[in-house]
Amino acid sequence: MLGLMQDQPLLISSLIEFADCHHGDAEIVSRRVEGEIHRTTWREVAARSRQVANALDQEQLAFGDRVATLAWNGYRHLELYYGVSGSGRVLHTINPRLHPDQIAWIANHAEDQILCFDLSFLPIVKAMHARCPTVRKWIALCDADKLPTDSGLPNLESYEAWISTHSQKYDWPSFDENSASSMCYTSGTTGNPKGALYSHRSTMLHAYASAMPDVMAMSARDSVLPVVPMFHVNAWGIPYSAALVGAKLVFPGPALDGKSVFELIETEKVTFAAGVPTVWQMMLAHMQASDLKFSALKRTVIGGSACPPAMISAFQQQYGVEVLHAWGMTEMSPLGTLCTLKNKHLTQSQEQQMAIRLKQGRGIFGVEMKIVDSDGKKLPWDGKASGDLLVTGPWVIKSYFKGESDPLVRDAQGRGWFPTGDVATIDADGYLQITDRSKDVIKSGGEWISSIEVENIAVAHPAIAMAACIGVAHPKWDERPIVVVVRKPGAEVLREELLAFYEGKTAKWQIPDDVVFAEAIPIGATGKILKARLREQLRDYKLPGI
Ligand code: AMP
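Rules behind the numbers
- Residues numbered from 1 in each chain as written.
- Predicted model: local features only at pLDDT ≥ 70, side-chain atom pairs only at ≥ 80, totals over all residues.
- Heavy atoms only, no water.
- Salt bridge = Lys/Arg side-chain N within 4 Å of Asp/Glu carboxyl O.
- Helix = DSSP H or I, 4+ residues; strand = E, 2+ residues; numbered from the N terminus.
- Buried < 20%, exposed > 50% of the residue type's maximum accessible area, 1.4 Å probe, protein only.
- Phe/Tyr/Trp six-rings, centres within 6.5 Å; stacked < 30°, edge-to-face > 60°.
- Near = heavy atom within 4 Å.
- Polar contact = N/O pair within 3.5 Å; in protein donor to acceptor, adjacent residues only side chain to side chain.
- Areas by Shrake-Rupley, 256 points an atom, 1.4 Å probe, with all protein chains shown as cover.
- Nonpolar A, V, L, I, M, F, W, Y, C, P; charged D, E, K, R; others polar.
- Pairing = 2+ DSSP bridges.
- Axes fitted to C-alpha atoms, helices over the stretch in contact; angles between N-to-C directions.
- Contact = heavy atoms within 4.5 Å.
- Parallel < 35°, antiparallel > 145°, perpendicular 65-115°, else oblique.
- Left-handed = near helix turned anticlockwise from the far one by under 90°.
- Domains from an automatic or database assignment.
- Buried area = accessible area lost by both parts, 1.4 Å probe.
- Core = buried A, V, L, I, M, F, W, Y, C linked by side-chain atoms within 4.5 Å.
- Right-handed = clockwise from strand over helix to strand, strands pointing away.

For the rest of this paragraph, the subject is the pattern of salt bridges. Within this structure, the stated rule accounts for 37 salt bridges. Residue R32 pairs with D143 through a salt bridge whose shortest N-O separation is 3.8 Å. Here D143 lies in the loop between β6 (137–140) and β7 (156–158) and R32 lies in the loop between β1 (27–31) and β2 (37–41), a separation of 111 residues in the sequence. Judged by relative accessible area, which is 12%, R32 ranks as buried. A salt bridge links E157 to K137, with the nearest nitrogen and oxygen atoms 2.7 Å apart. Residue E157 is found in strand β7, and its partner K137 is found in strand β6; the two are separated by 20 residues along the sequence. With a relative accessible area of 23%, E157 lands in the partly exposed category. In this structure K137 comes out as buried when scored by relative accessible area, which is 15%.

Next comes the structure, spelled out in structure tokens:
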């Protein structure tokens, strides 16, 4: 027997309609690429997202066609979030920090039809547009009078001119909630980037879950600053959960330095902020140097890489801001765990509470987790046993976009679990702690650097026989790559020559910080480099100048 409740699909368009109807006057504040502060409201964002939908209809984009963005966090990007997905197309947010070759590869793989970009990314677009045959229109996210006239780009239009001729009325279509809504590529450890394709249903359920009190606890009384980029896993879902609760949104645009972020927090009375440790490190350094204090900030979600203990205590003890340590990944929309205390912890000492806050947190309803040993056997939740972390749930990936193999691991009941590539412990209270990555990617400033890519370039040099790239701790960027190389017999190459060899072959920030010359690199039985042993050999190594 079926239930007798209304069968309404969970669609992203309902979020913007709700925000318009119930929180229309709540503000959306953005620092623009031009530098000045722009103010709008949920009502206006809703109206302009309907204009975007009408413009896409006129372009005759089919249901499910991809519209890409290369954009900072801002109101126009938000309008695209709703106009593109709400009208049944797929919003493909591209990470502009990638090398133009990688961006072109991703845009081709996704078969993007329209690409919208902030003017700061014009050089990238110029470098790649000729290699993107599927893109038939380029939209610069600017006023009509700011459109560059000498870009050489075919079919270039300003965003404002593009939407201005269209009506602010639009009947959002109804369709299957499992339809694709947005996509984001993740740089894997091997081969090319892989596309995570989110659905309306997964996005909506993630938005409900992330707003809950023990998760991000967002409300209509919050002023929310997502410093985490809208091109990285939908800014952890905040553009959706903020609409769901009617919160004020504050966007930093390209200004992510400590001073600019701090000023925005203060002028816009931000109560809740989200970002990776690197951003907060820059802001705390600025505050400490100028002896500044917050007037409104209450809590901040920190994730993407492990949050250092000193950062948690600085926020909590010096500034009275609660740190919510979080763990997730692109393949999980991204939230998996978030660290809030339970009632029984409140009577514990500061030290004991800190030990919990350092963990990545406990599972959110909607994400099931387990840790397993190398035979796939479930390990106990005792805070000691550490194993491969697997997850399952309605906002966890089933398969990659155009993926050829099934990424899931089946259990005895046939349920598919996604192997996260992380190694973790889980304690008796359900708190997860990431102890290591089974992958060897280097996390620098919240972004991934593929060790394999760094190695491939090194071995392309005529004097290099073998290369292994590992991450080394860095006070500002968390980790920086170094490359350990073995020279070919009789061949010579200097450190500076090898580093110069990287120029133009990869993004600047992906170039290793140092070269270590070695006689040999440890190799395992199956011919793979033993990175753990290499790290062990280099345990006393220090980055130059650190
Ligand atoms: P991404 O898909 O780029 O968001 O990266 C996901 C990966 O980042 C995870 O699989 C973890 O290895 C790492 N990660 C994310 N959050 C944390 C955290 N709080 N602590 C440690 N590692 C993290």
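For the structure on display, the rule yields eleven aromatic pairs. An angle of 90° between the planes, with centres 6.0 Å apart, marks the rings of W280 and F315 as edge-to-face. With W280 in helix α11 (residues 277–290) and F315 in helix α12 (residues 309–319), this residue pair connects regions lying 35 residues apart in the sequence. Each member of the aromatic cluster is reached from another via a ring pair, and the members are W42, Y81, Y82 and Y240.

What follows deals with the site of the ligand. Surrounding the ligand, one finds 15 residues, the nearest of these being A326, T330, Q360, D422 and W448. Side-chain polar atom of H232 to an oxygen atom of the ligand: 3.2 Å apart, as the coordinates give it. In isolation the ligand has 490 Å² of accessible area, and contact with the protein removes 96% of it. Classifying every residue of the shell around the ligand by side-chain character gives five nonpolar, seven polar and three charged.

Take the sheet that holds strand β4 (residues 90–93) next. Pairing is mixed in the open sheet, where seven strands are placed in the order β7-β6-β5-β3-β4-β8-β9. In this open sheet, the two strands that pair with only one neighbour each are β7 and β9 (194–199). Here the average twist between neighbouring strands, direction ignored, is 25°. Pairing of β4 with strand β8 (residues 180–186) involves two bridges; the strand directions are parallel. Note that in β8 the partner of L91 across the bridge is S182. Running at roughly 145° to β4, helix α3 (residues 75–86) makes contact with β3 (66–70), β4, β5 (112–117) and β8 of the sheet.

With that out of the way, let us pick up the packing of α11 against α12. Packing of α11 against α12 leaves a shortest axis separation of 11 Å and a crossing angle of 40°. The angle between α11 and α12 falls in the class oblique. For the pair α11 and α12, the sense of crossing is left-handed. In this structure, α11 contributes P277, W280, Q281, M283, L284, M287 and Q288 to the contact, and α12 contributes M311, A314, F315, Q318 and Y319. Of the residues belonging to the contact of α11 with α12, the class tally is nine nonpolar, three polar and no charged.

A separate point is the domain arrangement of the chain. Segmentation of the chain into domains returns domain 1 (13–26 + 42–210), domain 2 (331–437) and domain 3 (442–537). The centre of domain 1, based on its C-alpha atoms, is set 36 Å off from the matching centre of domain 3. Taken together, the contacts link nine residues of domain 1 with eleven residues of domain 3. Each partner contributes to the roughly 760 Å² buried at the junction of domain 1 and domain 3, and carbon and sulfur atoms together form 43% of this total. Scanning the region where domain 1 abuts domain 3 turns up zero salt bridges. Inspection of the domain 1/domain 3 interface yields two residue pairs in polar contact (both at pLDDT 80 or more). Considered class by class, the residues forming the side of domain 1 that touches domain 3 number one nonpolar, seven polar and one charged.

Bringing the nonpolar core into the picture now. Counting 141 residues, the largest nonpolar core has W42 and W280 as its most contacted members. Top element by residues in this core is helix α2 (residues 42–58). It accounts for seven residues. The residues that make up this core include at least three from each of domain 1 (13–26 + 42–210) and domain 2 (331–437). In terms of nonpolar packing, the next biggest core, distinct from the first, is built from 19 residues, I442, A463, C469 and L499 among them.

Regular strands have side chains that alternate between both faces of the sheet. Every second residue of β6 is oriented toward a common face, with K137 and I139 on one face and W138 and A140 on the other, all of them buried. Across four bridges, the pairing between β5 and β6 is parallel. Paired with C116 across the bridge in β6 is I139. Running through helix α5 (residues 122–128), the crossover from β5 to the neighbouring parallel element β6 is right-handed. Sheet topology places β6 next to β7; three bridges connect them, and they run parallel. Bridge assignment links W138 to a residue of β7, and that residue is L156.

Among the structural elements, K370 can be located in strand β17 (residues 368–372). Residue class for K370 comes out buried when judged on its relative accessible area of 12%. Sequence separation between K370 and E455 is 85 residues, and the spatial gap between their C-alpha atoms is 33 Å. Residues contacting K370, with those up to four places away along its chain left out, are K378, D388, L389, L390, D411 and W417.

The next point concerns helix α10 (residues 258–267). Here α10 lies mainly inside the structure; seven of its ten residues are buried. For α10, the elements touching its buried residues are β1, β2, β10 (223–226), β11 (248–251) and α11. K269, located one to two residues past α10, shows a positive phi value of around 50°.

β5 sits mainly inside the fold: six of its six residues count as buried. In the sheet, β3 pairs with β5 via five bridges, with the strands oriented parallel. Bridging from a neighbouring strand, R66 pairs with D112 of β5.

The next thing to look at is unusual backbone geometry. Among all residues save glycine, negative phi is the norm, and among peptide bonds the norm is trans. Between S333 and the following residue, P334, the backbone shows a cis peptide bond with an omega angle of 5°. Mapped onto the secondary structure, P334 falls in the loop between β14 (322–328) and β15 (335–338). With phi around 60°, Q60 is a residue other than glycine that occupies positive phi space. With respect to the element layout, Q60 can be found in the loop between α2 and β3. With phi around 55°, W236 is a residue other than glycine that occupies positive phi space. With respect to the secondary-structure elements, W236 resides in helix α8 (residues 233–236).

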